[in-house]
Each structure stands twice: as C-alpha cells, then as structure tokens.
Amino acid sequence: MKTIKMIRKYSKEDKQKVIKLLRQNTPKYFVPSEEIDFENEVEDYFVYEQHSEIIGAGGINYFPNDKIARISWDIIHPNHQGKGIGKALMQYRMNHLIEKPNIEFIVVRTTQLAFQFYEKTGFKLIRIEKDFWAKDFDLYEMKMPNKADISE
C-alpha cells in the first residue's frame, strides 16, 4: 500500500487533533499550561498528514516591525519522531518564508530538549535562559544566521 503524505495549511477543523498531538508530547516536550498559549498564538500554521491522519504540525509567527519570522509550535506524534516529518515541515516553512521579502531574520524559541533538531537545520544558539517555560524547561533562543542560509 502506498503511503499518502501531505503538508497543508491548518484549518480550524484540525484544532482538536493538533491539541491531541500536543497532549501526547506533554510533559516530555511541553508543559500543560502551554496548551492555552497554543490556542492563542497560532498565526501561520501547517499540518503534516499521513493517510488523512495528522501526525505533525508546525507554525510561523510574524513580527513585521522587526522583519522577523519565528518558527513555532513544532509538534510530532511520538510514534513518528525521528522519521523526517519535522525536517519536512521545517523545509516547507522555510520555502514559504523565502517568498516573503519583508522577512529578514528567522528565529526559534525552544528548549534544551529539542534545540539540537534546530541546530541541524542551520539555526545558531544565541541565548539560554534557565527555567524560562517552567522548571527544567529552559529557553534556547536560536537564529538563522542569514535568510540566504536556508538550505534543502
């Protein structure tokens, strides 16, 4: 049987499925209070479907006055982590951002639990703040050195 995979724009009908994904990654990668933040912060968001099931999601938030885009809310089903889904979602969003001339910098805020994933995609660590999100969830702020550095 052929695997049908697709990345598409998030719709409000996806909300409960993405919340379920978030809960499946809590408390390992997220703290429970972040669920409320997710509902309030989704700006430009995409889902990764396989056989019509959402198994990954990731977003972008924009700060036009600063010409910054922030990669946000990367969530992958625990059974599908390490299989290239996060990488595919990241490349999809980077390609999306290349088309936006008003964006000069791309940043991400993550934790010590996931920062290595972003390092592999070209982000550089610029700041660490201990217990930022919650106890034992440190902020790792990272930046793509140059929008032109986005690679396949």
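Further up the page is the structure itself.
What you see as residue numbers is a count from 1 along each chain, following the sequence as written. Reporting of local features is limited, given that this is a predicted model, to residues whose pLDDT is at least 70; pairs of side-chain atoms are given and counted only at 80 or more, and all residues count toward the totals for whole chains, interfaces and linings. Computation of side-chain values: all heavy atoms of the structure, hydrogens and water removed.

A closer look at the packing of aromatic side chains
Okay, step 1: The rule is short: rings of Phe, Tyr and Trp, with Trp giving its six-membered ring, pair when the centres are within 6.5 Å, and they are stacked under 30 degrees, edge-to-face over 60, tilted in between. Enumeration over the complete set of coordinates arrives at nine aromatic pairs.
Okay, step 2: On the numbers, 5.5 Å between centres and 65 degrees between planes, the contact of F38 with Y45 is edge-to-face.
Okay, step 3: For each residue, the accessible area found with a 1.4 Å probe, counting protein chains only, is set against the maximum for its type, and the residue is called buried under 20%, exposed over 50%, and partly exposed in between. According to the relative accessible area criterion, Y45 is buried, its value standing at 2%.
Okay, step 4: Seen in terms of ring centroids, F46 and Y92 are 5.1 Å apart; in terms of plane orientation they differ by 70 degrees. Their pairing is edge-to-face. Taken together, the residues span a long stretch of sequence, with F46 in strand 2 (residues 44-50) and Y92 in helix 3 (residues 85-98) at a distance of 46 residues.
Okay, step 5: Cluster of aromatic residues (ring-pair linked, three or more members): Y10, F30, F38, Y45 and W73. Comment: elements are numbered from the N terminus, with helices defined as DSSP H or I runs of at least four residues and strands as E runs of at least two.

Here's the deal with the sheet that holds strand 1 (residues 5-9)
Hydrogen bonds between backbone atoms are what pair the strands of a sheet, whose relative direction is either parallel or antiparallel.
Okay, step 1: At least two DSSP bridges between two strands are needed for those strands to be called paired. Read across the sheet, seven strands follow the order 1-2-3-4-5-7-6 without closing on themselves; strand pairing throughout is mixed. On the outer flanks of this sheet lie strand 1 and strand 6 (124-134), each paired with one strand and no other. Sheet twist, expressed as the average angle between the axes of neighbouring strands with direction ignored, equals 20 degrees.
Okay, step 2: Taken together, the four bridges between strand 5 (residues 105-110) and strand 7 (residues 137-143) define a ladder with antiparallel strand orientation. Each bridged residue has a counterpart across the sheet, and for V107 the counterpart in strand 7 is K143.
Okay, step 3: Strands in contact with helix 1 (residues 15-24) are strand 2, strand 3 (53-63) and strand 4 (68-76); relative to strand 3, the strand with the most contacts, it is inclined by about 95 degrees.
Okay, step 4: Contacts: residue pairs with any heavy atoms within 4.5 Å of one another. In this description, a line fitted to the C-alpha atoms serves as the axis of each element, helices being fitted only across the stretch in contact, and the angle between N-to-C directions of two axes falls anywhere from 0 to 180 degrees. Contacts from helix 3 reach strand 1, strand 2, strand 3, strand 4 and strand 5, with the element oriented near 35 degrees to strand 3.

Quick look at the pairing of strand 4
Okay, step 1: Of all nine residues making up strand 4, eight are buried, and the element is well covered by its neighbours.
Okay, step 2: Once strand 3 ends, the chain turns through four residues before running back antiparallel as strand 4, passing K67 with a positive phi of about 60 degrees.
Okay, step 3: Look down the strands so they point away from you; if going from the first strand over the helix to the second traces a clockwise path, that crossover is right-handed. Note that the unit made of strand 4, helix 3 and strand 5 has a crossover that is right-handed.

Describing the nonpolar core
Okay, step 1: Put simply, a nonpolar core is a bunch of buried Ala, Val, Leu, Ile, Met, Phe, Trp, Tyr and Cys residues held in one set by side-chain atoms that sit within 4.5 Å of each other. I71, I106 and F123 are the most contacted members of the largest nonpolar core, which totals 23 residues.
Okay, step 2: Among the secondary structure elements, those contributing two or more residues to this core are strand 2, strand 3, strand 4, helix 3, strand 5, helix 4 (115-120) and strand 7.
Okay, step 3: The biggest single contributor to this core is helix 3, with five residues.
Okay, step 4: Setting aside residues up to four positions removed in sequence, I71 forms contacts with G59, I60, M90, R93, M94, L97, I106, V107, V108, R109, Y118 and F123.
Okay, step 5: One finds I19, L21, L22 and Y45 within the second-largest nonpolar core, a separate group that totals 13 residues.

Worth remembering: the numbers are spatial, not functional.
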